Amino acid sequence: MAGDTDPHKTLTDLLAHFRFAMLTTVDGDGKLVAHPLTVQEREFDGDLWFIVGTDASAVRQLHANPNAGVTLSSDSSWVSLAGTAALVEDRAKLDELWNGAVDAWFPDGPSDPRVGLLKFSADSAEYWDSPGGRIATAIALVKSKVTGETYEGDNAKVDL
């Protein structure tokens, strides 16, 4: 992934590997609040989809202020997205994204009126990627300490 000449492609490739995200909203006092969510769609076209409870604090906060951020991380890659999010009424999309893991949170299935679909639309992104994964990152960090050379990973800002 690192070294790709197209930052959009690198971003899309990185996002395909993340399962969990932190959605950050703004509460009524103007404070940032992070909410753990599971990414429901792996293809990234600028939007991320989450299945949520319609009464969740994130939904209430987004109703008042749709500005949001999403962060995702692994052992060797990090992505930060900025954009807006809102609860959308799209039962066909909800049915498409429904899976057995969601049943643990919503045992009455996708027809439960307390289940909603949250759509996050990204305006911009920034990513950091350490080529080669965790072991290569550890080796590079040790090399940096020994040689005094600055560790270089792959980083780019992307307008969407």
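Residues numbered from 1 in each chain as written. Predicted model: local features only at pLDDT ≥ 70, side-chain atom pairs only at ≥ 80, totals over all residues. Heavy atoms only, no water.

**Observations regarding the packing of aromatic side chains**
Applying the stated criterion to the full structure yields 1 aromatic pair. Aromatic side chains Trp 98 and Phe 106 sit 6.5 Å apart centroid to centroid with 50° between the ring planes, which places their arrangement in the tilted category. In this structure, Trp 98 and Phe 106 share a single accessibility class: buried. (Phe/Tyr/Trp six-rings, centres within 6.5 Å; stacked < 30°, edge-to-face > 60°. Buried < 20%, exposed > 50% of the residue type's maximum accessible area, 1.4 Å probe, protein only.)

**Some words on the layout of surface pockets**
In this model, the largest pocket occupies a volume close to 460 Å³. If you go around the largest pocket, you meet 23 residues; those closest to its centre are Pro 36, Leu 37, Thr 38, Ile 51 and Trp 105. Sorting the residues of the lining of the largest pocket by element identifies strand S2 (32-38), strand S3 (47-53) and helix H2 (57-64) as the ones contributing at least two each. Looking at the lining of the largest pocket residue by residue, the class counts come to 14 nonpolar, 6 polar and 3 charged. (1 Å grid on protein atoms, 1.4 Å probe; cavity = no way out; pocket = protein on both sides within 12 Å on 5 of 7 lines; lining within 4 Å. Points joined across faces, edges and corners; volume = space filled by probe spheres on them. Helix = DSSP H or I, 4+ residues; strand = E, 2+ residues; numbered from the N terminus. Nonpolar A, V, L, I, M, F, W, Y, C, P; charged D, E, K, R; others polar.)

**Remarks on helix H1 (residues 7-15)**
All of the buried residues in H1 are Thr 10, Leu 11, Leu 14 and Leu 15. Along the axis of H1, the buried positions cluster into a sector of 130°, meaning they face one direction only. In this fold, the buried residues of H1 make contact with strand S4 (67-73), strand S5 (77-88), strand S6 (115-129) and strand S7 (154-159). N-capping of H1 is provided by Asp 6, with a side-chain oxygen placed 3.0 Å from the backbone N of His 8. (Arc of directions from axis to C-beta. Contact = heavy atoms within 4.5 Å. Polar contact = N/O pair within 3.5 Å; in protein donor to acceptor, adjacent residues only side chain to side chain.)

**With respect to the confidence of the model for the protein**
Should pLDDT be low for a region, the predicted coordinates there are not to be read in detail. Confidence along the protein averages 87 in pLDDT terms, with 83% of residues attaining 70 or more. At the level of individual helices and strands, the protein shows its lowest average pLDDT in helix H4 (residues 133-147), which scores 52, and its highest in H2, which scores 98. (pLDDT = per-residue confidence, 0-100.)

**So, H2**
Considered for burial, the residues of H2 that qualify are Ala 58, Val 59, Gln 61 and Leu 62. Buried residues of H2, seen end-on, are gathered within an arc of 165° and therefore sit on one face of the element. The outward face of H2, more than 90 degrees from its buried face, is lined by the exposed residues Arg 60, His 63 and Ala 64.

**A short note on the environment of Thr 24**
Among the secondary structure elements, Thr 24 is positioned in strand S1 (residues 20-26). Relative accessible area serves as the criterion here: at 22%, Thr 24 is assigned to the partly exposed category. In this structure, the C-alpha to C-alpha distance between Thr 24 and Pro 36, residues 12 residues apart in sequence, is 8.9 Å. For Thr 24, the contacting residues outside a window of four places in its chain are Leu 32, Val 33, Ala 34, Asn 67, Ala 68 and Gly 69.

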